[in-house]
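# What the coordinates show
Okay, here's what each chain looks like letter by letter:
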Amino acid sequence: MQMKRRTFLAATAATLSAPMVRAAGHGKPRVIVVGGGAGGATAARYIAKDSKGEVDVTLIEPSRQYYTCFFSNLYIGGFREMDSLGHGYAGLATNHGVNVLHDWAVGVDRGAKTVTTAGGHTLPYDKLILSPGIDFVDGAVEGWSVADQDVMPHAYKGGTQAELLKAQIMAMPEGGTFAMVAPPNPYRCPPGPYERISMVAHLLKNTNPTAKIIVADPKGKFSKQGLFEEGWNKHYAGMIDWIGSDFGGDNVSVDPAAMTVTIDGEVTKVDAANVIPAMKAGRIAELAGVTDGNWAPVNAADMSTKADPDVYVLGDASQQGDMPKSGFSANSQAKVCANAVRGALTGSRVFPAKFANTCWSLIDAKDGVKVGATYEATEEKIAKVDGFISATGETPDVREATYVESLGWYDGITADMFS
Ligand code: FAD
């Protein structure tokens, strides 16, 4: 009798620790990750690394080199080289056994649980993680479409757009005008447009000090506004004209052929223009049928979508609650998701979801500021627990220390994504 009972216990233990998902005819559970950016690269790396070969992880990403949007403003300001922002995928493949497929995902069949690619692959999954970043809302800025991005760049996806924008700023005539059309909420990197204005001002102060900067903003206020305005007055007095919604900044059209920007009926001829339209989830999330038309609503505990428990959305494309759309947020969400997905597939321990974010911004050389918070998962959303923000009037030493901290963060997060 005793033997029988022991056998039963052993069998129960084996069942409990056995993988909960085994695809028919396939030895290992399969995870497909679409998008090799802050969310996707981190998720692929953590699932592969921590499952030690128990889970088959495929990352689909068209680019061989990922250029971070984070610190691309510092490239515009002359504080970083573009090469220093590029990261490859060899570490994920070599160190952790991630199958990296350089291709576009073009369809998701949630019934058959497959992803199809532009290169003609149909790949089965047990769990699908989408982290495709953002796309722009068609017609969001009157007169501008993606076809105009070479004339009036958005520079809001990594790489060549930032190079183009910088080249156009450098080519401005003496005393010329640079205009930015800022995006409405919610959008990728809330302080990003204003850090960019700071970096454009820094560049122009050195190369074209009589140039002017106009910002048309559909919002009435913006992230770290007090800190940016203090910095702009201190470093770039008289250079920057921010026009918020109270002054017609929400009534804008552009004419890329004529190089004009019209704000509340007033037409201005500009020499360089940066149009950052309203955003929505990257298109593959829409094609997968997991968005509400703009963003993908997710469950805070594991980043699974409200539409499908086997499809997860990370980073900018998700609608999760209180976290800003940032690389730090995407990386933090990816680790929570990776832990939950690995647990669901292998029976490994799943820890309660905890999230963190900090957004650093550079206003001028060594003048860094930050805002950040910690978060927890509630039934309803990712909810803010507590936060912090740099103060106005801080000493140069504090601001320099904040900038140095941001350099350490950049090295840390990119290693956490790609090494
Ligand atoms: P991404 O990192 O954009 O990755 C998406 C990836 O998906 C891309 O590589 C893309 O090629 C791929 N992809 C898209 N569609 C498909 C498809 N169909 N098939 C296959 N692959 C696909 N964040 C910070 O934390 N700190 C900062 O200081 C900061 N500064 C910023 C400054 C600027 C100017 C900008 C624009 C952004 C900044 N951000 C910053 C925000 C940060 O870049 C994003 O929030 C972050 O990259 C989001 O990660 P993600 O994984 O959602 O998307």
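You'll find the structure just up there.
First, a word on scope: everything that follows refers to the structure included in this document. The shown structure was predicted, so the numbers you read here are calculated from the model rather than taken from an experiment. (Residues numbered from 1 in each chain as written. Predicted model: local features only at pLDDT ≥ 70, side-chain atom pairs only at ≥ 80, totals over all residues. Heavy atoms only, no water.)

### So, the site of the ligand
So the rule is basically this: Throughout this document, a residue counts as near a molecule or strand when at least one of its heavy atoms sits within 4 Å of that molecule or strand. Polar contact criterion, stated in full: a pair of N or O atoms within 3.5 Å, where within protein one must be able to donate a hydrogen and the other to accept it, and residues adjacent in sequence count only if both atoms are side-chain atoms. For every accessible area listed, the method is Shrake-Rupley and the probe measures 1.4 Å; residues are considered covered only by the protein chains on display. What counts as a helix is a DSSP run of H or I of at least four residues, what counts as a strand is a run of E of at least two, and both are numbered from the N terminus.
The ligand sits among 34 residues. The nearest are Glu-61, Tyr-66, Ser-131, Arg-188 and Asp-316. Note that an oxygen atom of the ligand is positioned 2.5 Å from one of the side-chain N or O atoms of Tyr-66. A total of 1000 Å² of accessible area belongs to the ligand in isolation, and the protein chains cover 93% of it. For the shell around the ligand, the secondary structure elements donating two or more residues are helix H2 (38–51), helix H3 (72–77) and helix H9 (327–346). Looking at the shell around the ligand, the element that brings in the most residues is H9, giving three residues.

### Here's the deal with unusual backbone geometry
Definition in use: We call a residue buried when its accessible area falls under 20% of the maximum for its residue type, exposed when it is over 50%, and partly exposed in between, using a 1.4 Å probe and counting protein chains only.
With an omega of -15 degrees, the peptide bond between Asn-185 and Pro-186 qualifies as cis. Its location among the elements puts Pro-186 in the loop between strand S11 (177–181) and helix H6 (192–207). Phi is positive for Met-303, close to 70 degrees, though the residue is something other than glycine. Tracing the backbone through its elements, the reader meets Met-303 in the loop between strand S19 (296–297) and strand S20 (311–313). For Met-303, a relative accessible area of 0% corresponds to the buried category. Although it is not a glycine, Lys-366 sits at a positive phi angle of roughly 60 degrees. For Lys-366, the location among the structural elements is in the loop between strand S22 (354–364) and strand S23 (367–377).

### Some details on H2
The condition is simple: Expected span, for any helix, means 1.5 Å times one less than how many residues it has.
The end-to-end C-alpha separation of H2 is 20 Å, in line with the 20 Å expected for 14 residues at 1.5 Å each. In terms of residue burial, H2 counts as a mostly covered element, since 12 of its 14 residues are buried. Every buried residue belonging to H2 is among Ala-38, Gly-39, Gly-40, Ala-41, Thr-42, Ala-43, Ala-44, Arg-45, Tyr-46, Ile-47, Ala-48 and Ser-51, and all of these are buried. Count one or two residues on from H2 and you reach Lys-52, which has phi positive near 45 degrees.

### Some words on the environment of Leu-74
Our working rule: The criterion used for residue contact is that any of the two residues' heavy atoms lie within 4.5 Å.
The residue Leu-74 is located in helix H3 in this model. C-alpha of Leu-74 to C-alpha of Pro-190: the two residues are 116 residues apart in sequence and 16 Å apart in space. Excluding its chain neighbours within four sequence positions, the residues that come into contact with Leu-74 are Phe-79, Arg-80, Glu-195, Met-199, Leu-362 and Tyr-403.

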